[in-house]
2 protein chains.
Amino acid sequence: MYAVILAGGVGTRLWPRSRKHAPKQFTDITGCGQTMIQSTVARLEGLVATGDTYVITGSRYAGLCTDQLDGLPPENILVEPDGRNTAPAIALACAHLQLRDPDEVVAVLPADHLIQDAVGFQNALRQAELCARRGYLSVLGIEPTKAHTGYGYIQREGRPLPVAGDLPAFPVKRFLEKPDEATAEQFLADGAYYWNGGIFVSRVKRLLAEYERQMPALFAAIDRIASALASNEHDSVLAEVWPTMPDISIDYGLMEGAQEVAVVPMQVGWNDMGSWDALETVIPRDEDGNIPVEGEILQLNSRGNIIAAHKQLVALIDVDDLIVIDSGDALLIAKKDSIQQVKQVVAKLQAAKRSELL
Amino acid sequence: MYAVILAGGVGTRLWPRSRKHAPKQFTDITGCGQTMIQSTVARLEGLVATGDTYVITGSRYAGLCTDQLDGLPPENILVEPDGRNTAPAIALACAHLQLRDPDEVVAVLPADHLIQDAVGFQNALRQAELCARRGYLSVLGIEPTKAHTGYGYIQREGRPLPVAGDLPAFPVKRFLEKPDEATAEQFLADGAYYWNGGIFVSRVKRLLAEYERQMPALFAAIDRIASALASNEHDSVLAEVWPTMPDISIDYGLMEGAQEVAVVPMQVGWNDMGSWDALETVIPRDEDGNIPVEGEILQLNSRGNIIAAHKQLVALIDVDDLIVIDSGDALLIAKKDSIQQVKQVVAKLQAAKRSELL
């Protein structure tokens, strides 16, 4: 099985640790000792060989991939001329993979998600691989733990597919965009809905066939790139063709309209680290009720604080439910409930052209 | 006029910026570009020559005095073998000064106070000098701006002294220890009470005479040290005599029992920087209502925060009335009303033998 890791994002919601020169996937957000992309690759150990692992990212991050991913062949770092969402990125990866083996299965994974139960994840991925080898376009479905309105959902049919393997897999009835709160509550109560974490498994040729059917212009462009791959015209063709690519996600451009889609449910402590408060579900509270990500905490009457402060001691006196993130050149102190406003902080810095802080 | 600057304190209330290796007087607490002792010396410019300025401090801080006070003669740094409160420290300085000119006037000043109106301060100090030359033991009286229970008070008599000069000076009726709240309110309403900021002016010989009368044992010890000063036995005599010194303040040991004491009232933005919230009265609020000491502030819906964070940007989201002090190896975040508890933080660090953070 191949793996294609999507590492082109420039997420700002984890500012000031996620930065333009090193977005969150290249950062050790949880203080675990590995960057998120390193954890993503490590999580595939035993399932995907390093030589079969590909990363697709922007040109300014190619060096970070080389530095952070030991043993990754340089030719497995695929560079997008510029960011164009997931449909073109995955298509570009398929153009490379079809030259190796179009019958092989590929797992597509975001570089910036956390998964706490690596064994459970591998079991689910193996099941998705089995389905893919049977011809399905597989997707991992994250069993919802709350009525989240920030994710897309996957609705399954009632009966499992008759596929071998240890875990159930279901036909997908439909993909759904982010719901409102009432709808999300309904999804949660129903039990037949999963969060879409953007982890797909398919034969390469099956994916390419979907592109050809649903996004023919994009497929034609990718076909031109694939033809140029063996020649030394690859760079010039890529530079010519890429700007014509649509800015469309794989979900919207391809998954929603696909037939024969299978979902493998999983409950593996998945977390997309969409904002700093997510650390609360990832890192156990200390005996005083604070969440120590990095740095030592010395507290007096202070609880529920998420603290990431390099190697510093952080002394807290009479403060509750703060998020404190120190990045060396910027220090964020936010009320936990207001952490979504970090986007406004970044917007202010952008407006002030403070690129050194972005 | 001589000046003796008391710089032996190891104040912990401004942790984590005030540290054992560099207590607050050797630190730029307000972000003004000068350490407190540098400001204290600068404030005397035109009144006291550098060669007539003495600093008394502990041996571990002698190097800091040399580094921070350009042009101070090395012999003007007087080293206490160990900290013994202000009465012995000032007596030791007098032992040195009487060899130069016992008829000259000396001003004794703490190294770690802020004074915003330097001109007003010099005028008051000049008036105190005039009184001292007339034989008085002079003290500067800080006109109270609130019913503070943390300071000693000086009560004056009703009529000014018949001394020349531009400012009034009054006979002191008595020195009073820290009052309770009701008494402090009464002092404030009365108008004849001043805070005692520990700034004294006197002829050297007048001070020594008070020591001889009120603290004869201490005077005898100082007399031995003075006799040894010219010889090369000074160090051994100091080492022998110093441990016998009582741990008594100049206020308690000498001022309270002195006769012919004059007080010169002043209103000069004096602040003893006893805790971090004092910065609120020293540093003007920015347009958003925060107090920027060091570091740039970017705020969303945040007010009343005191921020000292080196050269960092500090982004605040929905937080009010915090004190944030970053010292590079320790970060303090405290509710403003609870800042007195910083002493407990320091006590915890001491108990844990975390000397690197003290």
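See the structure printed just above.
Residues numbered from 1 in each chain as written. Chains lettered and ligands numbered in written order. Predicted model: local features only at pLDDT ≥ 70, side-chain atom pairs only at ≥ 80, totals over all residues. Heavy atoms only, no water.

Asks: Just to check I follow, could you spell out the overall build of chain A for this structure?
Replies: When its secondary structure is counted, chain A shows eleven helices and 15 strands. Across its three principal directions, the C-alpha atoms of chain A cover 60 × 50 × 35 Å. The buried share among the 358 residues of chain A stands at 58%. Once local pairs closer than 6 in sequence are excluded, the contacts in chain A between residues at least 24 apart make up 67%. In the form shown here, chain A has an accessible surface area of approximately 14800 Å², with 48% of it arising from carbon and sulfur atoms. Distance between charge centroids for chain A: 3 Å, based on 32 positive and 47 negative side chains. (Helix = DSSP H or I, 4+ residues; strand = E, 2+ residues; numbered from the N terminus. Buried < 20%, exposed > 50% of the residue type's maximum accessible area, 1.4 Å probe, protein only. Contact = heavy atoms within 4.5 Å. Areas by Shrake-Rupley, 256 points an atom, 1.4 Å probe, with all protein chains shown as cover. Lys, Arg positive; Asp, Glu negative; His and termini not counted. Charge placed at Lys NZ, Arg CZ, Asp CG, Glu CD.)

Asks: What is the right way to read helix H11 (residues 342-351) of chain B from this model?
Replies: Because each turn of an α-helix spans 3.6 residues, side chains separated by three or four positions in sequence point in the same direction. Residues of H11(B) that are buried include every one of Val342(B), Val345(B), Val346(B) and Leu349(B), and no others. In an axial view of H11(B), the angular spread of the buried residues amounts to 95°, which keeps them on one side of the axis. Close packing links the buried residues of H11(B) with strand E12 (291-300) and strand E13 (306-317) of chain A together with strand E15 (330-335) of chain B. Of the residues flanking the end of H11(B), it is Lys353(B), one or two places downstream, whose phi is positive at about 55°. (Arc of directions from axis to C-beta.)

Asks: Explain the pairing of strand E12 (residues 291-300) of chain B to me, please; I cannot follow it from the model alone.
Replies: For a regular strand, the rule is simple: side chains alternate between the two faces of the sheet. Residue and element names in this part refer to chain B. When you tally the buried positions in E12, you get seven out of ten residues, the bulk of the element. Relative to strand E13 (residues 306-317), E12 runs parallel, the two sharing eight bridges. In the strand pairing of E13, Leu300 is matched with Ile317. (Pairing = 2+ DSSP bridges.)

Asks: Looking at this structure, how should I read the relation of the copies chain B and chain A?
Replies: There are two copies of the chain, and a rotation about an axis plus a shift along that axis relates them. Superposing chain B onto chain A requires a rotation of 180° together with a translation of 0.0 Å along the rotation axis, leaving an RMSD of 0.1 Å. Considering both components of the superposition, the chain copies are consistent with a two-fold axis. The share of interface residues of chain B whose copies in chain A are also at the interface is 97%, consistent with both copies meeting through the same surface. (Least-squares fit on C-alpha atoms with pLDDT ≥ 70 in both.)

Asks: What exactly am I supposed to notice about the interface of chain B and chain A here?
Replies: A common measure of how large an interface is: the accessible area buried when the components associate. The interface is formed by 34 residues belonging to chain B together with 33 residues belonging to chain A. Where chain B abuts chain A, roughly 2800 Å² becomes buried across the two surfaces, and 64% of that area is made up of carbon and sulfur atoms. It is Ile317(B), Leu331(B) and Ile333(B) in chain B that bury the most area against chain A; as a group they hold 23% of the surface buried on that side. Taken together, chain B and chain A are joined by two salt bridges. With a shortest N-O distance of 2.7 Å, Glu296(A) and Arg354(B) are connected by a salt bridge. Summed over the shared surface of chain B and chain A, the number is 20 residue pairs in polar contact (both at pLDDT 80 or more). Listed by contribution, the elements that provide at least two residues to the side of chain B that touches chain A are E12, E13, strand E14 (322-326), E15 and H11 of chain B. (Buried area = accessible area lost by both parts, 1.4 Å probe. Salt bridge = Lys/Arg side-chain N within 4 Å of Asp/Glu carboxyl O. Polar contact = N/O pair within 3.5 Å; in protein donor to acceptor, adjacent residues only side chain to side chain.)

Asks: Can you walk me through the pattern of salt bridges in this structure?
Replies: Residues and elements named next belong to chain A. Taken as a whole, this structure holds 32 salt bridges over all chains when the rule is applied. Between Asp52 and Arg100 there is a salt bridge whose closest N-O contact spans 2.8 Å. In this pair, Asp52 is assigned in the loop between helix H1 (36-42) and strand E2 (53-58) and Arg100 in helix H3 (residues 86-100), connecting sequence segments 48 residues apart. The class for Asp52 is buried, based on a relative accessible area of 19%. Here Arg100 falls in the partly exposed class, since its relative accessible area comes to 43%.

Asks: Would you mind going over the state of the cysteines with me for this structure?
Replies: Here a disulfide denotes a covalent bond joining the sulfur atom of one cysteine to the sulfur atom of another. In the structure shown here, the tally under the stated rule is zero disulfides over all chains. The thiol sulfur of Cys131(A) is not disulfide-bonded, and the nearest other cysteine sulfur, from Cys94(A), lies at 18 Å. The thiol of Cys65(B) is not disulfide-bonded; the next cysteine sulfur, from Cys32(B), is found 17 Å away. By relative accessible area, Cys65(B) is classed as buried at 0%. (Disulfide = S-S within 2.5 Å.)

Asks: Before we go on, may I ask you to explain unusual backbone geometry in this structure?
Replies: What is expected of a backbone is that most residues other than glycine have negative phi and most peptide bonds are trans. The peptide bond linking Trp15(A) to Pro16(A) adopts the cis configuration, its omega dihedral lying at 5°. Structurally, the position occupied by Pro16(A) is in the loop between strand E1 (2-6) and H1. Unlike most non-glycine residues, Lys353(B) shows phi in positive territory, near 55°. Mapping Lys353(B) onto the fold places it in the segment after H11. Judged by relative accessible area, Lys353(B) falls into the exposed class, the value being 70%.

Asks: Any chance you could explain the packing of helix H3 (residues 86-100) of chain B against helix H6 (residues 204-214) of chain B here in plain terms?
Replies: Packed helix pairs are specified by the crossing angle of their axes together with the interaxial distance, meaning the distance between the axes. Residue and element names in this part refer to chain B. Interhelical geometry of H3 versus H6 gives an angle of 130° and a closest axis separation of 10 Å. In terms of axis orientation, H3 runs oblique to H6. At the point where H3 passes H6, the crossing takes the left-handed sense. Residue-level contacts link Thr86, Ala87, Ile90, Ala91, Cys94, Leu97 and Gln98 of H3 to Val204, Leu207, Leu208 and Tyr211 of H6. (Axes fitted to C-alpha atoms, helices over the stretch in contact; angles between N-to-C directions. Parallel < 35°, antiparallel > 145°, perpendicular 65-115°, else oblique. Left-handed = near helix turned anticlockwise from the far one by under 90°.)

Asks: Explain the packing of aromatic side chains to me, please; I cannot follow it from the model alone.
Replies: What describes a pair of aromatic rings is the distance from one ring centre to the other and the angle between the planes of the rings. Evaluation of the coordinates by the stated rule reveals 14 aromatic pairs over all chains. Taking 6.0 Å as the distance between ring centres and 55° as the angle between the ring planes, the aromatic pair formed by Trp195(B) and Trp270(B) counts as tilted. With Trp195(B) in strand E9 (residues 193-203) and Trp270(B) in strand E11 (residues 270-271), the pair connects residues that are 75 residues apart, well separated along the chain. The same class applies to Trp195(B) as to Trp270(B), namely buried. Within the aromatic cluster, the residues linked to one another by ring pairs are Tyr151(A), Trp195(A) and Trp270(A). Cation over ring: Arg156(B) sits above Phe170(B), and NZ or CZ is 4.1 Å from the ring centre. (Phe/Tyr/Trp six-rings, centres within 6.5 Å; stacked < 30°, edge-to-face > 60°. Lys NZ or Arg CZ within 6 Å of the ring centre and 35° of its normal.)

Asks: How do you make sense of the packing of H6(B) against helix H7 (residues 216-229) of chain B when you look at a structure like this?
Replies: All names here are of chain B. Their axes nearest at 5 Å, the elements H6 and H7 cross at an angle of 125°. Here H6 is positioned oblique relative to H7, judged by the angle of their axes. Contact with H6, carried on its side by Leu208, Tyr211, Glu212, Arg213 and Gln214, involves Pro216, Leu218 and Phe219 of H7 and no other residues of that element. For the contact of H6 with H7, a count of residues per class yields five nonpolar, one polar and two charged. (Nonpolar A, V, L, I, M, F, W, Y, C, P; charged D, E, K, R; others polar.)

Asks: Help me understand the environment of Pro284(B), please; the structure alone is not making it clear to me.
Replies: Inspection of the secondary structure assignment puts Pro284(B) in the loop between helix H10 (279-282) and E12. With residues up to four places along the chain from it excluded, the contact list for Pro284(B) reads Asn290(B) and Pro292(B).

Asks: I would appreciate a short explanation of the side chain of Ser302(A) in the present structure.
Replies: Residue and element names in this part refer to chain A. Within the secondary structure, Ser302 sits in the loop between E12 and E13. One polar contact links the side chain of Ser302 to the main-chain carbonyl oxygen of Leu300, over a distance of 3.0 Å. When sequence neighbours within four positions are dropped, the list of residues in contact with Ser302 reads Asp288, Asn290, Leu316, Ile317, Asp318, Val319 and Asp320.

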